[in-house]
Amino acid sequence: MLAPVLVLNANFEPINVCDTHRAIGLILSDKASMVINGCGYIRTVAVNFPRPSVIRLEKMVSRPRPRLKLTRREVFRRDSYICQYCGRKINDLTIDHVVPRHMGGQHIWTNVVAACPQCNHRKGGRRLEDAGMHVLHIPKEPPTSAFYIFSRHLNENSEWEPFLQGW
Ligand SMILES: [Zn+2]
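The text that follows walks through the structure, step by step, so that each part is easy to find. As the structure is a computational prediction, the values presented were derived from the model and not from experiment. (Residues numbered from 1 in each chain as written. Predicted model: local features only at pLDDT ≥ 70, side-chain atom pairs only at ≥ 80, totals over all residues. Heavy atoms only, no water.)

Comments concerning the nonpolar core
The biggest cluster of nonpolar side chains holds 31 residues, and the ones touching the most others in it are Leu 6, Cys 83 and Tyr 85. Elements supplying a minimum of two residues to this core: β1 (4-8), α2 (72-78), β6 (112-115), α4 (128-131), α5 (146-150) and α6 (161-164). Residues contacting Leu 6, with those up to four places away along its chain left out, are Pro 14, Asn 16, Val 17, Ser 53, Val 54, Ile 55, Phe 150, Trp 160, Phe 163 and Leu 164. If you look at the next biggest cluster of nonpolar residues, it comprises 13 residues, including Val 5, Ile 24, Leu 26 and Ile 55. (Core = buried A, V, L, I, M, F, W, Y, C linked by side-chain atoms within 4.5 Å. Buried < 20%, exposed > 50% of the residue type's maximum accessible area, 1.4 Å probe, protein only. Helix = DSSP H or I, 4+ residues; strand = E, 2+ residues; numbered from the N terminus. Contact = heavy atoms within 4.5 Å.)

Some points on helix α1 (residues 20-28)
Turning to α1, its buried residues number three or more, namely Thr 20, Ala 23, Ile 24, Leu 26 and Ile 27. Down the axis, α1 shows its buried residues gathered within 160° of arc, on one side only. Opposite the packed face of α1, turned more than 90 degrees from it, sit the exposed residues His 21, Arg 22 and Leu 28. Asp 30 sits one or two residues past α1 and shows a positive phi near 60°. (Arc of directions from axis to C-beta.)

Focus on the pattern of salt bridges
Here the idea is simple: oppositely charged side chains can pair when their charged atoms come close. Considering all chains together, one arrives at five salt bridges under this definition. A salt bridge links Arg 78 to Asp 79; the nearest nitrogen and oxygen atoms lie 2.9 Å apart. Each member of the pair, Arg 78 as well as Asp 79, carries the same accessibility label: buried. The salt bridge involving Asp 96 is made with Lys 123; its shortest N-O contact spans 3.0 Å. With a gap of 27 residues between them, Asp 96 in strand β5 (residues 94-97) and Lys 123 in helix α3 (residues 117-123) connect regions that are remote in the sequence. The pair formed by Asp 96 and Lys 123 is uniform in burial state, with each residue classed as buried. Among the charged side chains, a network of salt bridges with common partners joins Glu 74, Arg 77 and Arg 152. (Salt bridge = Lys/Arg side-chain N within 4 Å of Asp/Glu carboxyl O.)

Description of the coordination of the zinc ion
For the zinc ion, the protein coordination sphere consists of Cys 83 (SG), Cys 86 (SG), Cys 116 (SG) and Cys 119 (SG), at 2.3 Å. If you look at the zinc ion, its four donor atoms make angles of 100 to 116° with each other, and the shape they trace is tetrahedral. (Donors = N, O, S within 2.8 Å, 3.2 Å for Na, K, Ca; no water. Tetrahedral: all angles 85-135°; square planar, octahedral: opposite > 155°, others 65-115°.)

What about unusual backbone geometry?
A positive phi angle, close to 60°, is found at Asp 30, a residue other than glycine. Examined against the element boundaries, Asp 30 turns out to sit in the loop between α1 and β3 (32-43). For Tyr 81, which is not glycine, the phi dihedral falls at a positive 60°. Note on placement: Tyr 81 falls in the loop between α2 and β5. Taking relative accessible area as the criterion, Tyr 81 reaches 39% and is therefore assigned partly exposed.

Next comes the structure, spelled out in structure tokens:
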């Protein structure tokens, strides 16, 4: 019941991801309809209910564009899981503040990069110029497209792709 379900606005714009439990609640209260079902069925007391994978709201809702929260996972995804100092692709990445926090560096997209533990340690609490290091890519806020925001679910929900294309 916790599997993610893509929620489309009435105009088919992808606006949210909710869990199966909430999606079924929206369908049963006629607030949304199933666009495609995923694998299998949900067994309820009365019936076997097809598990939704994509639903669409019956009424258009207006909401601000979804924005990505700054999380470790999203920083690593933006940086393609590559240490932004040495270019290695490794599993145990860390977050480095380019301008160290104790020097006033903020916890914002443009001041955080993925770094391997060795580079993070080597840089220490220093500025790039003091450490003699540089970043491979200047850190930026990631794209705000619905496609980018929700595409991290595509590995496990490839059927969402046509609904994300172009948004
Ligand atoms: Zn590194």
